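# Tertiary structure, described
The primary structure of each chain is shown beneath.
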Amino acid sequence: MKRFHAVWLAGALCLFLSACGGGQTSQPAPTPAPSTGEGATTPTVDAAKAETTFKNSCASCHGQNLEGAVGPNLTAVGSKLSKDDILGILKNGKGIMPKDLVTGEDADNLAAWLAEKK
């Protein structure tokens, strides 16, 4: 019974803390032009922006260094999940993680940044 209360309390704390980080607004990042064929470049990840997004919206549950806390360790999440998988979790939530904590271009950039963590 004590374990149930600890899990419930940890989940409630995670939800409370994640709600605290959403008060900042940000300018949308420029969208890179799609390119195909030889010499095509892949859109780059804005690592500084992704780290800021992570610290503001995710670190309260996943730790400041992706080491995990209430939420799972994300230090090597890219070795298990693709960018699209991560984007799906950001959009739909998973377990006690609520959906849509990060949306739009910030979610896309964060998913790409996390997918690089191998």
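The following paragraphs examine the structure supplied in this document.

When you go through the protein residue by residue, the secondary structure sums to 5 helices and 0 strands. Seen in sequence order, the protein has helices and strands lined up from the N terminus as α-α-α-α-α. Across the 118 residues that make up the protein, the buried fraction comes to 26%. Put simply, 59% of the contacts in the protein that link residues at least 6 apart link residues at least 24 apart. Approximately 8000 Å² of the protein is accessible, and the part contributed by carbon and sulfur atoms is 59%.

Our next topic: the nonpolar core. Across soluble globular proteins, you tend to see nonpolar side chains buried next to one another. By size, the foremost hydrophobic cluster in this structure holds 16 residues, and its most contacted members are Phe54, Ile86, Leu110, Trp113 and Leu114. When residues of this core are traced back to their parent elements, those giving at least two are helix 2 (47–57), helix 4 (83–92) and helix 5 (104–115). If sequence neighbours within four positions are ignored, Leu110 has contacts with Ala50, Thr53, Phe54, Cys58, Leu90 and Val102.

Bringing the packing of aromatic side chains into the picture now. Following the criterion strictly, the structure yields 1 aromatic pair and no others. A centroid spacing of 5.9 Å and a plane angle of 55° characterise the contact between Phe54 and Trp113, whose relative ring orientation is tilted. Of this pair, Phe54 sits in helix 2 while Trp113 sits in helix 5, and the two are 59 residues apart along the sequence. Just as Phe54 is buried, Trp113 falls in that class too.

Position of Cys58 among the secondary structure elements: in the loop between helix 2 and helix 3 (59–62). Separated by 44 residues in sequence, Cys58 and Val102 have C-alpha atoms that sit 8.8 Å apart. The residues touching Cys58, leaving out its near neighbours within four places in the chain, are Thr53, Gly63, Val102 and Leu110.

The rules behind each value
Residues numbered from 1 in each chain as written. Predicted model: local features only at pLDDT ≥ 70, side-chain atom pairs only at ≥ 80, totals over all residues. Heavy atoms only, no water. Helix = DSSP H or I, 4+ residues; strand = E, 2+ residues; numbered from the N terminus. Buried < 20%, exposed > 50% of the residue type's maximum accessible area, 1.4 Å probe, protein only. Contact = heavy atoms within 4.5 Å. Areas by Shrake-Rupley, 256 points an atom, 1.4 Å probe, with all protein chains shown as cover. Core = buried A, V, L, I, M, F, W, Y, C linked by side-chain atoms within 4.5 Å. Phe/Tyr/Trp six-rings, centres within 6.5 Å; stacked < 30°, edge-to-face > 60°.

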